[in-house]
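Architecture at a glance
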Amino acid sequence: MSNRKHFLIVISSPSGAGKTTLVSALLDRVPQTRLSVSYTTRPPRPHEVDGRDYTFISRDEFDRMRQRGEFLEWAEVHGNLYGTSRRMIEEILSAGCDAVLDIDVQGAAQVRKQFPDAVTVFILPPSFTELKRRLSSRGTETPESLERRLRVARREVLRYTEFEYLVINDQLDVAIAAVEAIVRAERQKRQRREDEARAILRTFDEQPAAGRT
Ligand code: ADP
Ligand code: 5GP
């Protein structure tokens, strides 16, 4: 395990902009990144696996977890409840990985307060029309939930200024490369590598300089 400081990578966007696609590419391409699997009261979509994509629970279970303070943050999004497990984040960081959170703008704001060094990335689609096309072609929404997600999107995009990074997901491979570059560069931040730097600097003290008597 490296000695550097591990961090949270928060990725937000309106539904359908491509967060899940980008997060999954990030997890594949960059070692030592792990997904924070959220809890939700939303029913699973076909192909979603319990415990991998989300942990699917009832509203009652969600309320119990919330009362016990088990969520680092939680929010109601499109009529369903979603929350980040405090324990899962602790496990990811203590395993020497960076935690990737695919959460909405309300959740991002809560995380930022508790983890000021979290890296925050907002994903924008190239246009509203393209967002609508992607959401419809994903085939996961009823006409009502599609309408609702698009309505919420108009509000969510206004909050892009709260984020440090902005990635426009037009051409997928370009957007993937951008997200990957952000994480790799963030890992090289000096503040995250002080322990390593000090350990290396100590080796400079221990050895006599060449050529000196
Ligand atoms: P989100 O997680 O933000 O709701 P998804 O990752 O599920 O979004 O993407 C929504 C749909 O758009 C999916 O069908 C996905 O395959 C598609 N998609 C994602 N990125 C692109 C892109 N750059 N160009 C075209 N389609 C995309
Ligand atoms: P979906 O139902 O499309 O999977 O997700 C809907 C929205 O909920 C997305 O914006 C997604 O990022 C967000 N979301 C997923 N998990 C969490 C979570 O744990 N907390 C918060 N605040 N939002 C979440």
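Definitions and limits used
- Residues numbered from 1 in each chain as written.
- Chains lettered and ligands numbered in written order.
- Predicted model: local features only at pLDDT ≥ 70, side-chain atom pairs only at ≥ 80, totals over all residues.
- Heavy atoms only, no water.
- Near = heavy atom within 4 Å.
- Polar contact = N/O pair within 3.5 Å; in protein donor to acceptor, adjacent residues only side chain to side chain.
- Areas by Shrake-Rupley, 256 points an atom, 1.4 Å probe, with all protein chains shown as cover.
- Helix = DSSP H or I, 4+ residues; strand = E, 2+ residues; numbered from the N terminus.
- Salt bridge = Lys/Arg side-chain N within 4 Å of Asp/Glu carboxyl O.
- Buried < 20%, exposed > 50% of the residue type's maximum accessible area, 1.4 Å probe, protein only.
- Expected span 1.5 Å × (residues − 1).
- Arc of directions from axis to C-beta.
- Contact = heavy atoms within 4.5 Å.

This next bit is on the site of ligand 2. The full set close to ligand 2 counts 19 residues, and Ser38, Arg42, Tyr54, Tyr82 and Asp102 are the nearest of them. Here Asp104 contributes a side-chain N or O atom positioned 2.8 Å from a nitrogen atom of ligand 2. If ligand 2 stood free it would expose 510 Å²; the protein chains cover 96% of that surface. Looking at the shell around ligand 2, the elements with two or more residues in it are β5 (71-77) and β6 (80-85).

Glancing now at the pattern of salt bridges. Applying the stated criterion across every chain yields a total of 24 salt bridges. In this structure, Glu141 engages Arg45 in a salt bridge whose closest nitrogen and oxygen atoms are separated by 3.4 Å. Highlighted residues: Glu141 in the loop between α5 (128-138) and α6 (143-156) and Arg45 in the loop between β3 (38-40) and β4 (54-56), separated in sequence by 96 residues. Residue classification places Arg45 among the buried positions, given a relative accessible area of 18%. Note that Glu186 is salt-bridged to Arg192, the shortest N-O span being 2.6 Å. Overall, Glu186 belongs to the buried group, its relative accessible area being 2%. Under the relative-accessibility criterion, Arg192 is labelled buried at 7%.

Attention shifts here to helix α7 (residues 172-187). For α7, built from 16 residues, the straight-helix expectation of 22 Å at 1.5 Å per residue is met to within 8% by its first-to-last C-alpha distance of 23 Å. Regarding α7, the residues found buried are Ala175, Ile176, Val179, Glu180, Ile182, Val183, Glu186 and Arg187. One side of α7 holds all its buried residues, which, seen down the axis, span an arc of 150°. Buried-residue contacts for α7 involve β1 (8-12), α1 (19-29), β2 (33-35), β7 (98-102), β8 (119-124) and β9 (165-168).

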